[in-house]
Amino acid sequence: CTQAGADIDILTLTATTRMSEAVPQDVLKRLKEHQYSVAGKSILETQLQPFWNWTVEQMPVWLAPNLITTIGLIVNIFTSLLVVFYNPTASAGVDVPWWGYVLCAVGLFAYQLLDAIDGKQARRTGSASPLGELFDHGCDSMSTVFLMISLCTSLQLGPTFWTYLAGTTGIATFFTAHWRAYVSGTLYFGTIDVTEAQYLMIFVHLLSGFFGPSMWTFELFGFELKHLFVMASIFGGLGTCAKNIYFVLQGGPGMNGTTVAETSVISPAIPLGIMLWGFHYVYGFTVFEKMPMLCLIAFGCAASKVCIQLVLAHMSKSPMRLFDPVMAAPLFFFFNKFFGLNVDETIVLYIYGIFSFWQLAHYCHSLVIQVCKFLNIKCFTIPPPPPPKKKE
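What counts as what
- Counting starts from 1 at the beginning of each chain's written sequence and moves along it residue by residue.
- Only residues with pLDDT of at least 70 are given local features in this predicted model, and only at 80 or more are side-chain atom pairs given and counted; all residues enter the totals for whole chains, interfaces and linings.
- Neither water nor hydrogens contribute to the side-chain values; these are computed over all heavy atoms in the structure.
- Helix and strand definitions follow DSSP, with helices as H or I runs of at least four residues and strands as E runs of at least two, each counted in order from the N terminus.
- Both definitions apply: the radius of gyration is a C-alpha atom measure, and the globule rule equals 2.2 Å times residues to the power 0.38.
- Accessibility here uses a 1.4 Å probe with only protein chains present; expressed as a share of the type maximum, an area under 20% marks a residue as buried, one over 50% as exposed, and anything in between as partly exposed.
- By the convention used here, residues are in contact when the closest approach between their heavy atoms is within 4.5 Å.
- Helices are assigned an expected span. That span is 1.5 Å times one less than the residue count.
- By nonpolar core we mean a set of buried residues, namely Ala, Val, Leu, Ile, Met, Phe, Trp, Tyr and Cys, connected to one another through side-chain atoms within 4.5 Å.
- Pairs were defined over the aromatic rings of Phe, Tyr and Trp, the Trp ring being its six-membered one, requiring ring centres within 6.5 Å. Orientation was assigned from the angle between planes: stacked under 30 degrees, edge-to-face over 60, tilted for the rest.

1. Considering the overall build of the chain
Then step 1. Along its length, the chain carries 14 helices and 4 strands.
Then step 2. Relative to a compact globule of 392 residues, whose C-alpha radius of gyration would be 21 Å, the chain shows 22 Å and is just as compact.
Then step 3. Each principal axis of the C-alpha distribution contributes one length, and for the chain these read about 80 × 55 × 50 Å.
Then step 4. For the chain, buried positions account for 50% of its 392 residues.
Then step 5. For the chain, the share of sequence-separated contacts (at least 6 apart) that also reach a separation of at least 24 residues comes to 82%.

This is the structure we're talking about:
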């Protein structure tokens, strides 16, 4: 009977592994050896440290760091989708309750705060692990797209080229930052970085909530305020991308200037290029005019999976997967057009979105399960401390 039970367990584990996206054992071993390396602090980060330190001290010691990260992500996604519910095209003239924008600001503030203290909670409770860093950056990659859609809605950019640029710039900035980390082994932060960008978005949401999004149509130097804001944001994002790529091209610590995984420093350009081309291809269809926010979400899910693979490659010093099924999502539109299937583009977009979301969710679930099993830890709970030894 015991042997039969063991056989069932083996069969179950084998079936689970086949259904999941298996992570090679050598990758897991190198991930376990990863040491967190970061350089640079932004202006606001330095000023907010006392507040973050005070906040983490108010957290119960049983609250797992990854649970803190997850709560922040859920709050940010919920508040972002709330304004999208009222204005799915982010168009001007569509009424969104003032409190929707305010909730977006509150949700982003909560996300930023919880994202800042999760690592502190890990060190405070002695539960720091490579999974925590991987989990944190994975949630950041998912949050990036929702930050973009809520910003586009607050500014009421509509189904325009501005929305397209905002989405692609946000993803590219996140990707190139971790591309540089993959090459050098260290994640770098600038003097003005993500914290400043997030607080600027909070300010935008509050202005839209208290004064109405129509304020962004006021013209200055022949441009509407919202377009000036987006242009400044895009130039800032592209400047960060250019800086990251410049340092990438300087080479890494590997043999002959290769990455920490001793792979070509330009190899991540392949998945980045495929992602950006895919979104540009979808942007050319009329469905973007009908459902721009859904296009951004579908693209964001696909991009998030690829970004997580890049983070994993950096942390485990392993070759990055250059091609992935999620990159093929835009082919739904290509085949529909090329073969004259004449399926409604809205339906194709829903299929594209569902496929991208499933790919992301399936990969994340599989990755977390396998890392937890290998490191012998729990993702969302902290084991109680061992009972004190009795004195003899």
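2. Observations regarding the environment of cysteine 372
Then step 1. By the secondary structure assignment, cysteine 372 is in helix H14 (residues 345-375).
Then step 2. Note on cysteine 372: relative accessible area 10%, which makes it buried.
Then step 3. Through-space distance from the C-alpha of cysteine 372 to that of leucine 131 is 7.6 Å; in sequence the pair is 241 residues apart.
Then step 4. With sequence-adjacent residues up to four places away left out, cysteine 372 is seen in contact with Leu131, Ile377, Lys378 and Cys379.

3. Looking at unusual backbone geometry
Then step 1. You will see that glutamine 156, though not glycine, has its phi angle at about 55°, which is positive.
Then step 2. Mapping glutamine 156 onto the fold places it in the loop between helix H6 (130-155) and helix H7 (161-184).
Then step 3. Even without a glycine there, the phi angle at lysine 317 is positive, about 50°.
Then step 4. Mapping lysine 317 onto the fold places it in the loop between helix H12 (292-316) and helix H13 (331-338).

4. Topic: H12
Then step 1. Compared with an ideal rise of 1.5 Å per residue, which puts 25 residues at 36 Å, H12 spans 36 Å between its outermost C-alpha atoms and is within 8% of the ideal.
Then step 2. Most of H12 sits out of view: 24 of its 25 residues are buried.
Then step 3. Of the residues trailing H12, lysine 317 is marked for its positive phi of about 50°.

5. Some details on the nonpolar core
Then step 1. Among the nonpolar cores identified, the biggest contains 86 residues, and Leu155, Phe175, Phe333, Tyr352 and Leu367 are the most heavily contacted of them.
Then step 2. Of the residues forming this core, the biggest block, 17 residues, is contributed by H12.
Then step 3. Setting aside residues up to four positions removed in sequence, phenylalanine 175 forms contacts with Pro268, Pro271, Leu272, Met275, Val306, Cys307, Leu310 and Met320.

6. Regarding the packing of aromatic side chains
Then step 1. Under the defined criterion, the tally for this structure stands at 24 aromatic pairs.
Then step 2. On the numbers, 6.1 Å between centres and 55° between planes, the contact of phenylalanine 161 with tyrosine 283 is tilted. Taken together, the positions of phenylalanine 161 in helix H7 and tyrosine 283 in helix H10 (residues 269-283) put the pair 122 residues apart, joining distant regions of the chain.
Then step 3. On the accessibility criterion, tyrosine 283 (23% relative accessible area) is partly exposed.
Then step 4. Between tryptophan 216 and phenylalanine 229, the ring centres sit 6.3 Å apart and the planes meet at 50°, which makes this aromatic pair tilted.

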